[in-house]
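# Structure assessment
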Amino acid sequence: MDMYTLKIKQYRRIRRLTQKQLAERVGIGRSYLSELENNKWDIKLNLLIKISKVLKVAPSKLIKYKMETWVFILLVMRLS
């Protein structure tokens, strides 16, 4: 179950950066960044932080949790 989607592309475009420019600034390949933007991979926390610094946005702004995630979290909390 995918619990979230990344909003890197949205903020990258706001900052008027190409995939190549952002990838170079955070030290990853352009194709890997493309796959992250298309939610093909889970992102590691340290990379999320690097990207958020380059895009000048809080890391939490780059993640959009899906509704099912919140339902799951609330269910787990209620059962605890």
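The text that follows walks through the structure, step by step, so that each part is easy to find. (Residues numbered from 1 in each chain as written. Predicted model: local features only at pLDDT ≥ 70, side-chain atom pairs only at ≥ 80, totals over all residues. Heavy atoms only, no water.)

### Here we look at the overall build of the protein chain
Summing up its helical and strand segments, the protein chain has 5 helices and 2 strands in all. For the protein chain, the N- to C-terminal ordering of α and β elements is β-α-α-α-α-β-α. Residues counted as buried form 30% of the 80 residues belonging to the protein chain. Once local pairs closer than 6 in sequence are excluded, the contacts in the protein chain between residues at least 24 apart make up 60%. Accessible surface, the protein chain: about 6000 Å² in total, of which carbon and sulfur atoms supply 56%. (Helix = DSSP H or I, 4+ residues; strand = E, 2+ residues; numbered from the N terminus. Buried < 20%, exposed > 50% of the residue type's maximum accessible area, 1.4 Å probe, protein only. Contact = heavy atoms within 4.5 Å. Areas by Shrake-Rupley, 256 points an atom, 1.4 Å probe, with all protein chains shown as cover.)

### A short note on the pattern of salt bridges
A side chain of one charge can pair with a side chain of the opposite charge if their charged atoms are brought near each other. With the rule as written, the count across this model stands at 1 salt bridge. Ionic pairing is found between Arg12 and Glu37, a salt bridge with its closest N-O pair at 2.6 Å. Taken together, the residues span a long stretch of sequence, with Arg12 in helix 1 (residues 8-14) and Glu37 in helix 3 (residues 30-37) at a distance of 25 residues. (Salt bridge = Lys/Arg side-chain N within 4 Å of Asp/Glu carboxyl O.)

### Things to note about the packing of helix 2 (residues 19-26) against helix 3
At a minimum axis distance of 8 Å, the contact between helix 2 and helix 3 shows a crossing angle of 105°. Compared by their axis directions, helix 2 and helix 3 come out roughly perpendicular. For the pair helix 2 and helix 3, the contacting residues are Gln19, Lys20, Leu22 and Ala23 in the first and Arg30, Leu33, Ser34 and Glu37 in the second. Along the lines of polarity and charge, the residues of the contact of helix 2 with helix 3 split into 3 nonpolar, 2 polar and 3 charged. (Axes fitted to C-alpha atoms, helices over the stretch in contact; angles between N-to-C directions. Parallel < 35°, antiparallel > 145°, perpendicular 65-115°, else oblique. Nonpolar A, V, L, I, M, F, W, Y, C, P; charged D, E, K, R; others polar.)

### Considerations on the environment of Leu36
Counting through the fold element by element, Leu36 comes out in helix 3. Leu36 gets classed as buried once you look at its relative accessible area, which sits at 0%. When the C-alpha atoms of Leu36 and Lys7 are compared, they prove to be 9.4 Å apart, with 29 residues separating the residues in sequence. In contact with Leu36, other than residues within four places in its own chain, are Leu6, Ile8, Ile28, Trp41, Asp42, Ile43 and Leu47.

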